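Chain by chain, the residues:
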Amino acid sequence: MLKLKTSQAISPQKTRWLLTLPSFAAALFTLVLAAFLIMTTYTERSTLNTSMEQDLLWQKQALKIRVDNITHQLRTVAASMSTDGLGSAEFTARTFSLMQDSPEIISLEYLDETGQERWHTPNTRVAGQPDLRNPQLIALRDSILDSELESSFSKLIMDRPDAPIMALAVPIKLNYNGRHVLIAQVNLRTLLQQQVPWWIAQRYQISLWENERLIAGKFERSHDAGKLNQSINLDWPPNTLTLTAHIYEQKRNNWQTALTIVVAGLSLLMLGSTWALRRHINERQKAESQLRQEQALRESMENSLVTGIRAMDLEGRLFYVNRAFCEMVGCTQEQLLGASHPMPYWPPEESEQCMAIYRAILNGRADSTGYQMRFMRSNGERFDVRLYAAKLIDGDGVHTGWISAIYDITELQREREALQASHERFVAVLNGLDAAVSVSDANTGELLLSNRHFDSAFNIPDRHGRYCNIPFVHRNKGAPVDSEWFDDFHQHWYQVKSRSSVWVDGSEVWLEIATDITMLKNAQERERQQKEQLQQTTRLISMGEMASSLAHELNQPLAAIASYATGCRNVLAQTEPNIAQLDQAIEKMAAQAKRAGQIIRGIREFVQRRAPHRKRCEIADLLETVQTLLNAEVKKSQVKLTVSDVSELPPIYADAVMLEQVIFNLMKNAIEAMADTPVSQRTLDVNVRREHDMLAVTIADRGTGINPEQMEQLFKPFYTTKGSGMGMGLNICRSIIEHHHGRLWVEANPQGGSCFNFTLPLSLESEAYEP
Ligand code: ADP
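Just so it is clear, the model here is predicted, and its values are computed rather than measured.

### Some thoughts on the UniProt feature "domain: PAS" (unreviewed entry) in the protein
No. 1: In the UniProt entry, the feature "domain: PAS" (unreviewed entry) is given for residues 293-365.
No. 2: Along residues 293-365 one finds 48% helix and 14% strand; the C-alpha atoms at either end are 36 Å apart.

Structural data, given as structure tokens:
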């Protein structure tokens, strides 16, 4: 019972906590880092937003100041014109100077109160530049001429997309309250180029929008606009101009980006390694759990094994034994571990054999079919084992020793011996039987089992694969068959019993028992012959007994014949003999002679020894013959004889003389049994009737009767109560009736005396045929 030492297992809760902690720390670190980055970005953006807002306000202010400055300069020129009434050249000079100071002004027009242009600077208009037919300019002109406005802006004029123009108009107030108009066309693009300082243009992409339309812009071509932007309304009615600043895409510091990447990478690495560690620990835990389960299973298997297992190192020292082996040899694990030859469980008388096997195992010559050995328990008890040895190879494929499985086969051996003994007894009994016994396969005929008698009687060779093809066996799959067979060659009679059965392997077989009945048959034959002789003797005795009666019987017809003859002579002696009387007397004489002849023939047949011969017989004839034979006896004994009506009964097929003898014997016994019966009660009733397909005959007397103990004795040979009796009569009668397939028995007559009954089958002629 070797136990594996395992490291103390950490509780699952603790393991889970230990596994979660690094993951949690990594996640927290990543979160904080992300928050830091977001916060930094947010702060940066909000700082940018604020400064952009301030810069945009500043820019709006700068543009406003510039436009206000232009307006102011226009007013100055307008004021000069209203008071001094500037001439064309002076106008040109002043406005030219103004335009030089303000390159965003592309033209200046002077219009009178009718709205007609008087002068304009420069003299020639640039192609595509709006003139006074432009509706926006007309509307601007009219707004100044028709109102008291001090200045006004026109709506944006986009005749050329690259030159967005906004006109600016101031009135020239004349002395007579008339109003002329000074209009300056300002190119907003130039205005923007001029008024957006470098430090703004470096930081932002500045653009001017009207509603959704880009009017003008100033930006560094090499920089892309970022997403961060802000807009501000310029408040130059009637235009809805918006100034927008897009901050350029910020280029992050390399070290910052690198740091972020490194920190993010490290976080990911940490998370990944934590995950991998967790997975590894999970797998390890699973493997440990499996190992524990396997160890528990192995331990329970080892403990529940009934096979002893022991392992030896290469030097032959035990280093492992299981519980079953310890229990088997009755030693503790401590007593066995480390033990070498001679082992404590080797019986001293077997130590040589044990040592030889031990050496064979250590030399790697162990028999793969195992060894049968005898071991010894600690209490000295010996027991038989079967040992199988094999190489012990460890997990690295290194041969580290020898492992053996040991089975206690004492009980098995005992059972085997008991089985062997039982088999031997069975074979002895089988061979001791007089009968020839065989079991053969129902399909192949192969002889599966036979006893000595069978082999010698039927001369079957004593070798494997024998076949039982005995032609005389009558076989039937249903009921067992009982038949007789005469072996012509050996002159033996056999009674063969055959039945279908199931063999030990479940196959269908024939079981046959052939009993030599030659002696029995011979005895039966001798008995039959003796019976016949006895029958003959009985008849002779009966004849002797009846001699006087018969003489008397014959005397009667002879006396009658004699008296008829005398009568005939007397008639003939008459002178005229009466022929008719003579004829009558002669006829009666003939009848008496016939009767005498019948009596003599009957006696001859009765006495004659002969084989049974069946033929059609009328029951009435049988009864008449017997009655004739017994007539004298009946009369002498003063017995009243009644015979039932038999005229309706069918004929039977039987040996008539034998049946006559049966009826004769039974009636004669009945008459004799009534010797002491008062004469008035001496009645003999012969009743013959049909019962189904049997003929039933009852001969009832009122004689001495028979007590129950005697009832079966009567039928035994030589049983008699009569001084001169043979005791064979009833025995022969029963033989005759049974020979005719009938039954003979006796019962008490309820009126006193006894009733002898016999039955005979009313068989057909063909059935009665006897070879
Ligand atoms: P046996 O007449 O020579 O004695 P049986 O076999 O005919 O031989 O009869 C055997 C015995 O059976 C007789 O001795 C007699 O005792 C008895 N027995 C036979 N028939 C009758 C009968 N009808 N009544 C009483 N006893 C009878």
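### What to know about the pattern of salt bridges
No. 1: Enumeration according to the criterion identifies 29 salt bridges in this entry.
No. 2: When the shortest N-O distance is used, the salt bridge between Lys497 and Asp482 registers 3.2 Å. Here Asp482 lies in strand β18 (residues 481-487) and Lys497 lies in strand β19 (residues 492-502), a separation of 15 residues in the sequence.
No. 3: According to the relative accessible area criterion, Lys497 is partly exposed, its value standing at 41%.
No. 4: For Asp482, a relative accessible area of 47% corresponds to the partly exposed category.
No. 5: For Lys722, the salt bridge identified is with Glu672, shortest N-O distance 2.6 Å.

### Overview of the packing of aromatic side chains
No. 1: Overall, the coordinates contain 12 aromatic pairs when judged by the stated rule.
No. 2: Between Phe91 and Trp119, the aromatic rings sit 5.4 Å apart at their centres with planes inclined by 35 degrees, giving tilted as the arrangement. In this pair, Phe91 sits in helix α2 (residues 88-101) while Trp119 sits in strand β2 (residues 117-121), placing the two residues 28 residues apart along the sequence.
No. 3: We classify Phe91 as buried; its relative accessible area is 0%.

### Looking at the pairing of strand β17 (residues 447-450)
No. 1: Pairing of strand β16 (residues 436-441) with β17 involves three bridges; the strand directions are antiparallel. Bridge pairing in β17 places Val439 opposite Leu449.

### Some thoughts on the sheet that holds strand β25 (residues 694-700)
Within a sheet, adjacent strands bond to each other through the backbone by hydrogen bonds, running parallel or antiparallel.
No. 1: One open sheet accounts for five strands, arranged β22-β24-β25-β27-β26; its pairing is mixed. At either margin of the open sheet sits one strand with a lone partner, and together these are β22 (640-643) and β26 (743-748). For this sheet, the mean inter-axis angle between neighbouring strands, taken without regard to orientation, is 15 degrees.
No. 2: Sheet topology places strand β24 (residues 683-691) next to β25; seven bridges connect them, and they run antiparallel. Paired with Asp685 across the bridge in β25 is Ala700.

### Observations concerning a nonpolar patch on the surface
No. 1: Taken together, Phe24, Leu28, Leu31 and Val32 make up a surface patch of nonpolar side chains, about 420 Å² in accessible area.
No. 2: Positionally, Val32 belongs in helix α1 (residues 12-84).
No. 3: Of the residues examined, Val32 reaches a relative accessible area of 53% and is grouped as exposed.

### A few points about the site of the ligand
No. 1: Around the ligand, the surrounding shell holds 20 residues, and the nearest of these are Asp701, Thr720, Thr721, Lys722 and Leu730.
No. 2: The separation between an oxygen atom of the ligand and a polar side-chain atom of Asn669 is 2.9 Å.
No. 3: With respect to the ligand, the backbone of Leu730 contributes an N or O atom lying 2.8 Å from an oxygen atom.
No. 4: Relative to its free-state accessible area of 520 Å², the ligand is covered by the protein chains to the extent of 92%.
No. 5: The leading source of residues in the shell around the ligand is helix α15 (residues 656-673), at three residues.
No. 6: The residue inventory of the shell around the ligand, partitioned by class, reads nine nonpolar, nine polar and two charged.

### A look at the packing of α15 against helix α17 (residues 729-739)
No. 1: The geometry of α15 relative to α17 is characterised by a closest axis approach of 10 Å and an angle of 145 degrees between their N-to-C directions. Relative to α17, α15 is oriented so that their crossing is left-handed. Contacts between α15 and α17 involve Met658, Leu659, Gln661, Val662, Asn665, Leu666 and Asn669 from the first element and Gly729, Leu730, Ile732, Cys733, Ile736 and Ile737 from the second.
No. 2: Its residues assigned to classes, the contact of α15 with α17 comprises nine nonpolar, four polar and no charged.

### Details of empty space enclosed by the protein
One simple way to see leftover space: roll a probe sized like a water molecule over the atoms.
No. 1: Evaluated as defined, the whole model comprises four cavities of 30 Å³ or more.
No. 2: Volume-wise, the largest cavity comes out at about 70 Å³.
No. 3: Lining the largest cavity, in full, are Ile619, Leu622, Leu623, Ile652, Leu659, Ile663, Val688, Leu695, Val697, Phe758 and Leu760.
No. 4: Residue assignment for the lining of the largest cavity shows that the elements contributing at least two residues are α14 (619-637), α15, β25 and β27 (754-761).
No. 5: Ranked by residues supplied to the lining of the largest cavity, first place goes to α14 with three residues.
No. 6: Here the residues of the lining of the largest cavity sort into 11 nonpolar, no polar and no charged.

### Here we look at the side chain of His180
No. 1: Mapped onto the elements, His180 comes out in strand β6 (residues 179-187).
No. 2: Within the structure, the side chain of His180 is placed 2.3 Å from the side chain of Glu113, a separation counted as a polar contact.

The rules we used
- Residues numbered from 1 in each chain as written.
- Predicted model: local features only at pLDDT ≥ 70, side-chain atom pairs only at ≥ 80, totals over all residues.
- Heavy atoms only, no water.
- UniProt positions renumbered as here; feature names shortened; annotations may be inferred.
- Helix = DSSP H or I, 4+ residues; strand = E, 2+ residues; numbered from the N terminus.
- Salt bridge = Lys/Arg side-chain N within 4 Å of Asp/Glu carboxyl O.
- Buried < 20%, exposed > 50% of the residue type's maximum accessible area, 1.4 Å probe, protein only.
- Phe/Tyr/Trp six-rings, centres within 6.5 Å; stacked < 30°, edge-to-face > 60°.
- Pairing = 2+ DSSP bridges.
- Axes fitted to C-alpha atoms, helices over the stretch in contact; angles between N-to-C directions.
- Patch = residues over 30% accessible without salt bridge, like charges linked within 9 Å, V, L, I, M, F, W, Y side chains within 5 Å.
- Areas by Shrake-Rupley, 256 points an atom, 1.4 Å probe, with all protein chains shown as cover.
- Near = heavy atom within 4 Å.
- Polar contact = N/O pair within 3.5 Å; in protein donor to acceptor, adjacent residues only side chain to side chain.
- Nonpolar A, V, L, I, M, F, W, Y, C, P; charged D, E, K, R; others polar.
- Left-handed = near helix turned anticlockwise from the far one by under 90°.
- Contact = heavy atoms within 4.5 Å.
- 1 Å grid on protein atoms, 1.4 Å probe; cavity = no way out; pocket = protein on both sides within 12 Å on 5 of 7 lines; lining within 4 Å.
- Points joined across faces, edges and corners; volume = space filled by probe spheres on them.

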